[in-house]
Amino acid sequence: MALQCIKLRRLSFFLTCLQRDKFRRHISSEVSLEKHLKSENETRISPKIIAQPTRGLVDEKIYIRVSNLIPNKKFTLRCLLQSEDKDLWHAYGHYISDDIGVVNVAEDVCLGGSYTGKEPNGLIWSLKPVPGSRPALRLRKQNVFIPFLLNISVHNGHINDDFKDACSLALTVMERWYIAPGVSRIEVRENGIHGTLFLPPGPGPVPGILDLWGGGGGLVEYRAALLASHGYASLALEYISTGKKSTSLNNVDLKYFEAALHFLKSHPKVSNEQIGVFGLSFGTSVALNIAANQNRISPKCLVCISGSHSVKIDGSLADVFADIEINTGKSKIDENNHVIWREFNLPRLADPSNKVKVGNIKCPLLLIAGDDDQNWIAVESAKDMENMMKAAGNEHLLTTIIYPKAGHLIEPPYSPHIRFSNYIILGEKQKVVMLWGGQTKEHSFAQEDSWEKILDFLYLHLYSSSSKL
């Protein structure tokens, strides 16, 4: 009997210990669960933004993903940029996080904001000046050795335009460059030429491009720097004086551009038979005059954007501007007091004496225009040029792309769409707000698509056709 009692006490002690061990394991499990839930909650209130590339060229696509958000909740993603003139630009999109608390800009639909739809790069191309900014701004790069800094942030809820009281849940920064590592910049001030030469890294020789901007004048470098980043020796040429830093260039004629082409041709790092000309707006008119003039230095190919052949250069540019400015008083003014030039330019197409003889062009020509261009008669000119070149038998050299709802200022991809901006009419020194045209989404598509086609066109005619490279 005593032995049985001892066994029972031992069994009771064993069961007590077993229960105590189970209880301890249970408590330990609850503590672990509590720690896990606490850790999960802490993670959720610390969203993380992945934005790639953190450092890249302005024409590279971007990837933005936000994680650790509360699932199935409203969030706003914002991009904020400060220009070199200290103006703030921003874009923003409304999203709803998925079941695991993620927003993927490349895959998710933006429900509202400065853009809508599935737009991986919408946070860049829809940039606009923040409320209260100076009117009629245009975002342009001045110093290509300083990147644009894109501040990407995420905010609770769906915010519309006013972010003054909005606290960000997370923030990251992306650098957007117009110039790649190794590209060199050389000021050119010789033989009367005013410009900047950008050279890609390496010994060369590489194809060359003469880069011509429009009637706004001055020395604009960022597109030439970007072209050099894609392997071309690019000369950004100043040919219209703004009166700020350069001496007057307004009396130059076609010999000035021939001298610039000769400079490129003779440079030791440039393949002398592989020279193209890239023109925008009035720069297109200059490019067409160069190619049709049958001078001693003929370009290998032409890229012409938003321009016209209705400006024939027989003398100096000053003479050309004086002829154009006779009719600027006939400009149309819209309800917002924006100036529309295209109307007074239309009659120029009816006068053959105004037109460049594009039938003389002997090189491939890529012609790009937007059908909502309110500044120049680009679309009408494209059709007239096609007829003239067909009559001359060289229409096989012409490739024309017309973009629906795109405006005048077709720039490198993801540049903000500028429908109107401040503009100084050089001859009159008069400041106006010029209407360029275009709808933001369609214009942005035109910039992205045309840039890809431009790079393909340049490679085909400047690299692939060269036996020396």
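Residues numbered from 1 in each chain as written. Predicted model: local features only at pLDDT ≥ 70, side-chain atom pairs only at ≥ 80, totals over all residues. Heavy atoms only, no water.

Peer 1: I tried to follow the packing of helix H4 (residues 254-266) against helix H5 (residues 282-292) on my own but got confused; where do I start?
Peer 2: Each pair of packed helices can be summarised by the angle the axes make with each other and by the distance between the axes. Orientation of H4 relative to H5, taken along the N-to-C sense of each, is 80°, at an axis distance of 11 Å. With respect to each other, H4 and H5 are oriented roughly perpendicular. Taken together, the residues of H5 that come into contact with H4 (itself represented by Leu254, Phe257 and Leu261) are Val286, Asn289 and Ile290. Among the residues making up the contact of H4 with H5, the classes are represented as five nonpolar, one polar and no charged. (Axes fitted to C-alpha atoms, helices over the stretch in contact; angles between N-to-C directions. Helix = DSSP H or I, 4+ residues; strand = E, 2+ residues; numbered from the N terminus. Parallel < 35°, antiparallel > 145°, perpendicular 65-115°, else oblique. Contact = heavy atoms within 4.5 Å. Nonpolar A, V, L, I, M, F, W, Y, C, P; charged D, E, K, R; others polar.)

Peer 1: Is there a simple way to think about the sheet that holds strand E11 (residues 193-199) in this case?
Peer 2: Think of a sheet as strands paired side by side through backbone hydrogen bonds, with each pair either parallel or antiparallel. Strand order in this open sheet of eight strands is E10-E11-E13-E12-E14-E15-E18-E19, and the pairing throughout is mixed. Both outer strands of the open sheet, strand E10 (184-190) and strand E19 (398-403), are each paired with one neighbouring strand and no more. On average, adjacent strands in this sheet sit at an angle of 20° to one another, irrespective of strand direction. Across seven bridges, E10 lies against E11 in antiparallel orientation. The residue bridging Arg189 from the neighbouring strand is His194, located in E11. Strands strand E18 (365-370) and E19 of the sheet are contacted by helix H8 (residues 378-392), whose axis makes an angle of about 150° with E18. (Pairing = 2+ DSSP bridges.)

Peer 1: What should I look at first to understand the pairing of strand E15 (residues 301-305) in this one?
Peer 2: The side chains of a regular strand alternate, residue by residue, between the two faces of the sheet. Among the five residues that make up E15, five are buried, leaving the element largely enclosed by the rest of the structure. Here E15 shows two buried faces, one formed by Cys301, Val303 and Ile305 and the other by Leu302 and Cys304. Pairing analysis gives five bridges linking strand E14 (residues 270-280) to E15, with the strands arranged parallel. Directly across from Val277, in E15, lies its bridge partner Leu302. Crossover connection from E14 via H5 to parallel E15: handedness right-handed. Sheet topology note: the E15/E18 ladder contains four bridges and is parallel. By the bridge assignment, Val303 is partnered in E18 with Leu366. (Buried < 20%, exposed > 50% of the residue type's maximum accessible area, 1.4 Å probe, protein only. Right-handed = clockwise from strand over helix to strand, strands pointing away.)

Peer 1: Just to check I follow, could you spell out the UniProt feature "active site" (unreviewed entry) in the protein for this structure?
Peer 2: UniProt records the feature "active site" (unreviewed entry) at Ser281, Asp373 and His408, using the numbering of this structure. A maximum C-alpha distance of 10.6 Å places the annotated residues, which cover 128 residues in sequence, within one compact spot. Relative to the helices and strands, Ser281 resides in the loop between E14 and H5. If we skip the residues at most four places from it in the chain, Ser281 touches Gly214, Ile305, Ser306, Gly307, Asn375 and His408. Following the sequence through the fold, His408 ends up in the loop between E19 and strand E20 (420-425). The exposure class of His408 is buried, given its relative accessible area of 1%. Beyond its immediate chain neighbours, meaning those up to four positions away, His408 contacts Leu280, Ser281, Ser306, Asp373, Asn375, Trp376, Trp436, Gly437 and His443. Polar contacts involving the side chain of His408 include one to the side chain of Asp373, which spans 2.7 Å. (UniProt positions renumbered as here; feature names shortened; annotations may be inferred. Polar contact = N/O pair within 3.5 Å; in protein donor to acceptor, adjacent residues only side chain to side chain.)

Peer 1: Sorry if this is basic, but what is going on with the side chain of Ser97 here?
Peer 2: Locating Ser97 in the fold gives a position in the loop between strand E5 (88-96) and strand E6 (103-104). A relative accessible area of 2% places Ser97 in the buried class. Within the local environment of Ser97, its side chain forms a polar contact with the backbone nitrogen of Asn72, the two atoms lying 2.9 Å apart. Those residues in contact with Ser97 that lie beyond four places of it in its chain are Leu69, Ile70, Pro71, Asn72, Lys73, Phe75, Val102 and Val103.

Peer 1: How should the sheet that holds strand E1 (residues 48-52) be read in this particular structure?
Peer 2: Taking strand neighbours across the sheet as the criterion, the three strands line up as E1-E3-E6 in an open arrangement whose pairing is antiparallel. The sheet is open, and its two borders are formed by E1 and E6, each paired with just one other strand. Inspection of the sheet shows E1 paired to strand E3 (residues 63-67) by five bridges, in the antiparallel sense. Pairing of Ile49 across the sheet is with Val66, part of E3.

Peer 1: Just to check I follow, could you spell out the environment of Asn394 for this structure?
Peer 2: For Asn394, the location among the structural elements is in the loop between H8 and E19. For the pair Asn394 and Val358, spaced 36 residues apart in the sequence, the C-alpha separation amounts to 8.9 Å. Among all residues touching Asn394, those that are not within four sequence positions of it are Val358, Gly359, Asn360, Ile361 and Met389.

Peer 1: Explain the nonpolar core here, please?
Peer 2: In summary, soluble globular proteins display a tendency toward joint burial of nonpolar side chains. Ranked by size, the top nonpolar core spans 132 residues in total, and within it Leu210, Phe257, Phe282 and Leu302 carry the most contacts. Once residues lying within four places of it in the same chain are set aside, the contact partners of Leu302 are Val277, Ala287, Leu288, Ala291, Ile361, Cys363, Pro364, Leu365, Leu366 and Phe457. (Core = buried A, V, L, I, M, F, W, Y, C linked by side-chain atoms within 4.5 Å.)

Peer 1: How should the packing of aromatic side chains be read in this particular structure?
Peer 2: For any two aromatic rings, the description comes down to two numbers: the centre-to-centre distance and the angle of the planes. Evaluation of the coordinates by the stated rule reveals 15 aromatic pairs. Ring centres of Trp341 and Tyr423 lie 5.9 Å apart, and the angle between their planes is 85°; this geometry places the pair in the edge-to-face category. You can see Trp341 sitting in the loop between strand E17 (339-340) and helix H7 (342-345) and its partner Tyr423 sitting in strand E20, a full 82 residues away along the chain. Note on accessibility: Trp341 and Tyr423 belong to one class, buried. Through a chain of ring-to-ring contacts, the aromatic side chains of Tyr239, Tyr256, Phe257, Phe282 and Phe321 assemble into a single cluster. Above the face of the Trp213 ring, Arg140 is positioned so that its terminal group lies 5.0 Å from the ring centre. (Phe/Tyr/Trp six-rings, centres within 6.5 Å; stacked < 30°, edge-to-face > 60°. Lys NZ or Arg CZ within 6 Å of the ring centre and 35° of its normal.)

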